[in-house]
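A structural walkthrough
Next come the chains, spelled out residue by residue.
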Amino acid sequence: MANSPLLAAAAAIVFAASAGGQTALHINAAKVTAPVSPTLYGLMTEEINHSYDGGLYAELIQNRIFKDNAKNPVHWSVVGAGAIALDESQPIEGTVLKTCLKLDANGASAGHRAGVANDGWWGIPVKPKTSYRASFYAMADGVGPLTVSLESNDGSKVFATAQTQEITDKWQKYTVTLTTGDDAAPSAANRLVIATEKPGALRLNLVSLFPTTYNDRPNGNRIDLMQLLIDMKPAFLRLPGGNFLEGDAIADRFPWKATLGPLEQRPGHRGCWNYRASDGLGLLEFLEWCEDMHVQPVLAVYAGYSLKGEHVNAGPALQPFVDDALEEIEYVIGGAETKWGAVRAKDGHPAPFPLTYVEIGNEDGADKSHSYEGRFAQFYDAIKAKHPNLKCIDTLGRSYWDHTKAAPKRTGDVIDEHYYPNARQMEMDATHYDKYDRNGPKIFVGEWATREGSPTTNMNAALGDAAWMTGMERNSDIVVLASYAPLFTNVNPGGMEWKSNLIGYDALTSFGSPSYYAQKMFNNNIGDGVLAVEADNVPMQTWQPPAPKGKTDLPPAKKFPELFYVATKDSAKGTIYLKVVNAGGTKRDVRIDITGAGIAAEGTAITLGSARPSDTNSITEPAKIVPVTTAAKGLGSQFTYSFAPYSITVLALSAK
Ligand code: AHR
């Protein structure tokens, strides 16, 4: 496709590189070369890097239903005179809660407690004047009321405490509220303790602790992380993966039906990123997350292929998977009179959710059995027959790495392509979509990121990202959706599975990477039409590729631009957004000429930059690199602007 002779230059970047001479950008404010997709920038999510459990999902207890380890009650410990063990002798009838935690509290006496403690997700966050809802199932033989407390790991500080009523010898749910005082300094090295001072035996299950959540949802999300996402003004959320959709084997795929309803009915599943998923953030919670952000889901359905190659060929054996996807779609968009719409209504959400795109599988270019074309066709035909208005996304990904491959016979309405290069590759390939056939299928860049920096990306990655975004934005007549990945990582040791992520956090605080701020700048400042830009004397960078293996002669050096740019116009506001990325270490004075509209003398400049490309944000320095907004003066139809080394700039210009 990318080699097609039809490659149109409609939106193509034009730059002339020559030694010396002033760098200039010529913007024609009267010439719109492409519409900007209103859904261009969105989010992609999956359970990776403790994105939900130990991340966005606000549950503070780890291993709440004792399934994380079949032998030991991991993340639980004994407090005082007691002993603990997993116990399967007392399943809670009518639920998936089969294994409980048993405390032998026979050593307890007045003034000498016996109890259990949970260490949370790398600690339990304590903040002043904060309320937490603790709940659990308990049955006991003789222990009396229980004391529930939020305390420091060594027990020396108790931040909040509450008592239950008498515990009976039948399973029953208990709920208490814990409220910290205004003297509780923010800290994470804390635990939840449930204890008694009366001897006996205590069994516990589904032990949960929630702080206040975004929009106060009872099984909801962390407020700080939601706010970071909302500030990006995304247009959609691609869910539930990623590899997490597929699982290592078919049995590990995202089990959407088992993620619905009360937590007592959710067993969780293996996941594919080396830890168990609680599925507390299940399909309905994904959809409510979209609702809270005022965005649409891009729903990826399991398409009969899992990561380690297990798959189901097209034909009758695949049909149950197709039917399952149709039921999932019905759960999302069906009226309350439909079978699965009624389940959603029973789950508490009678109104259907909006849905435009359904993605069939994930990265099926990796399927060495080459079964995808048949599988895709079977899903596509069934989805279109029932929902002709839905757009189907295919995942063969004729991308950076394989775009020379011939297109398959059956493609989606939209094609999902993924890119994970380094900053140099991003910058070298920033004109990637300039070369695409304007009449070909639309593109969803469903996963993309410059992979530099860990656990979150650094300034150099942000420069690569921004260069790449100029290309997506310039070509958003065909790139209709794009979402960076991965979105989240817990930065604690052992929290991260994938290096280079957008947003980092621990139990207490969170921060955006420079890549996060680059995206926020791009998406918060975008028009509805791409403007024609021509450039003179663009400074170039040089890259010397290494000698091929076993050879000493170096291949020719490669030259590629150091400045990247795109201009869009908001036709309603009359604002022109000029985005310029200076990926080099030299300040660049650029003459800007604007024809086709008068330009007011004053505008706004938003700049993200740093002295060193390796600089980054972190838990301890969350705002080292953040956008700075200043008034830009002396503007007009012709002006010169200095772009700082290693910087990303948005100039918002008022067209008269
Ligand atoms: O984003 C991390 C992983 O990269 C995704 O799960 C997968 O789709 C891709 O290979």
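Preceding this paragraph is the structure being described.
Cut-offs applied
Residues numbered from 1 in each chain as written. Predicted model: local features only at pLDDT ≥ 70, side-chain atom pairs only at ≥ 80, totals over all residues. Heavy atoms only, no water. Helix = DSSP H or I, 4+ residues; strand = E, 2+ residues; numbered from the N terminus. Rg over C-alpha atoms; globule rule 2.2 N^0.38 Å. Buried < 20%, exposed > 50% of the residue type's maximum accessible area, 1.4 Å probe, protein only. Contact = heavy atoms within 4.5 Å. Areas by Shrake-Rupley, 256 points an atom, 1.4 Å probe, with all protein chains shown as cover. Lys, Arg positive; Asp, Glu negative; His and termini not counted. Charge placed at Lys NZ, Arg CZ, Asp CG, Glu CD. Pairing = 2+ DSSP bridges. Axes fitted to C-alpha atoms, helices over the stretch in contact; angles between N-to-C directions. Salt bridge = Lys/Arg side-chain N within 4 Å of Asp/Glu carboxyl O. Near = heavy atom within 4 Å. Polar contact = N/O pair within 3.5 Å; in protein donor to acceptor, adjacent residues only side chain to side chain.

This part takes up the overall build of the protein chain. The helix and strand tally for the protein chain stands at 9 helices and 33 strands. Whereas a compact globule of 656 residues would reach a radius of gyration of roughly 26 Å, the protein chain reaches 27 Å, a difference of no more than 12%. Here the C-alpha coordinates of the protein chain stretch approximately 85 × 60 × 60 Å along the principal axes. Counting all 656 residues of the protein chain, 58% fall into the buried class. A separation of at least 24 residues holds for 75% of the contacts in the protein chain among residues at least 6 apart in sequence. Carbon and sulfur atoms form 53% of the exposed surface of the protein chain, whose accessible area is close to 24800 Å². Taking the 60 positively charged and 71 negatively charged side chains of the protein chain as two groups, their mean positions are separated by 3 Å.

The next thing to look at is the sheet that holds strand 6 (residues 100-104). Taken in spatial order, the 5 strands of this open sheet run 5-6-13-8-11, and their pairing is antiparallel. Unpaired on one side and paired on the other, strand 5 (83-87) and strand 11 (172-179) mark the two borders of the sheet. Strand-to-strand twist across the sheet, computed as the mean angle between neighbouring axes with direction ignored, equals 35°. Relative to strand 11, strand 8 (residues 131-141) runs antiparallel, the two being bridged by 8 bridges. The residue of strand 11 that forms the bridge with A134 is V176.

A few words on the pattern of salt bridges. Per the counting criterion, the structure on display carries 33 salt bridges. In this structure, the salt-bridge partner of K170 is D169, at a minimum N-O distance of 3.7 Å. An identical accessibility class is assigned to K170 and D169; each is exposed. Of the charged contacts in the structure, one is a salt bridge between R375 and D364, with a shortest N-O distance of 2.8 Å. Residue R375 is found in helix 6 (residues 372-386), and its partner D364 is found in the loop between strand 16 (357-360) and helix 6; the two are separated by 11 residues along the sequence. Classification of R375 as buried rests on a relative accessible area of 0%. Through salt bridges with shared partners, one network takes in R217, E288, E291 and D292.

With that settled, the discussion passes to the site of the ligand. All residues in the neighbourhood of the ligand are listed as E46, G242, N243, W273, N362, E363, Y420, E447, A485, P486 and W498. The side chain of E447 places a nitrogen or oxygen atom 2.7 Å from an oxygen atom of the ligand. When the ligand sits alone it has 280 Å² of accessible area, and the protein chains cover 94% of it.

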